[in-house]
Amino acid sequence: MGADCLFCKIVNRELPADIVFEDDEMVAFNDINPQAPTHMLIIPKSHIATVNDLTESEVDLPGRLILRATALASEKGFADSGYRLIFNCNSEGGQTVFHIHLHLLGGRQLTALG
Ligand code: 5GP
Ligand code: ZN
């Protein structure tokens, strides 16, 4: 676990979260400050600070996070109408929590990134 990492604490149930999915490898929960009707974060249980820190041996992990996001989008009913998946990286990328997380945003017409 990363020292004082917010998302490790959610994984370890040291902090509450509205968890919508969990398996051996990952947890998905609702964002505390949603930017769309559905705004979930899909995170690995293992602490990886940024996508820059992913290694060759972890190359399948982002794919599995994405597959889970697509399943959640289907469950929410907007897989066909559309949605957005985002990994922010470091400060200019808008990353504020340094434990990698895939944002799943959907349920309204999304506007341009920037
Ligand atoms: P980032 O800006 O790092 O890409 O995204 C971090 C996200 O985590 C933000 O959308 C923010 O609202 C969310 N977040 C921060 N703290 C908490 C928390 O304690 N609980 C939950 N559920 N989401 C959080
Ligand atoms: Zn962590």
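Below: a short report on this structure. Everything quoted here is computed from the prediction, not taken from an experiment.

1. Comments concerning the site of ligand 1
Phase 1 of the analysis: Near ligand 1, the surroundings consist of 17 residues, among which Asp31, Asn88, Gly94, Thr96 and His103 are the closest.
Phase 2 of the analysis: Between Val97 and ligand 1, the recorded distance is 3.0 Å, taken from a backbone N or O atom to an oxygen atom.
Phase 3 of the analysis: Residue His103 places a side-chain N or O atom 2.8 Å away from an oxygen atom belonging to ligand 1.
Phase 4 of the analysis: Expressed as a share of its isolated accessible area of 520 Å², the protein-covered part of ligand 1 is 83%.
Phase 5 of the analysis: Judged by its atoms lying within 2 Å of the grid points, ligand 1 is housed in the largest pocket.
Phase 6 of the analysis: Elements supplying a minimum of two residues to the shell around ligand 1: helix H1 (6–11), strand S2 (26–30) and strand S3 (38–44).
Phase 7 of the analysis: Looking at the shell around ligand 1 element by element, the count peaks at three residues for H1.
Phase 8 of the analysis: Per-class residue counts for the shell around ligand 1 are seven nonpolar, nine polar and one charged.

2. A look at the pairing of S2
Phase 1 of the analysis: Summarising burial for S2: four of the five residues are buried, a large majority.
Phase 2 of the analysis: Bridging between strand S1 (residues 19–22) and S2 involves three bridges; their strand directions are antiparallel. Bridge pairing in S2 links Phe21 to Ala28.

So, how was this worked out
- Residues numbered from 1 in each chain as written.
- Chains lettered and ligands numbered in written order.
- Predicted model: local features only at pLDDT ≥ 70, side-chain atom pairs only at ≥ 80, totals over all residues.
- Heavy atoms only, no water.
- Near = heavy atom within 4 Å.
- Polar contact = N/O pair within 3.5 Å; in protein donor to acceptor, adjacent residues only side chain to side chain.
- Areas by Shrake-Rupley, 256 points an atom, 1.4 Å probe, with all protein chains shown as cover.
- 1 Å grid on protein atoms, 1.4 Å probe; cavity = no way out; pocket = protein on both sides within 12 Å on 5 of 7 lines; lining within 4 Å.
- Sits in = over half its atoms within 2 Å of the grid points.
- Helix = DSSP H or I, 4+ residues; strand = E, 2+ residues; numbered from the N terminus.
- Nonpolar A, V, L, I, M, F, W, Y, C, P; charged D, E, K, R; others polar.
- Buried < 20%, exposed > 50% of the residue type's maximum accessible area, 1.4 Å probe, protein only.
- Pairing = 2+ DSSP bridges.

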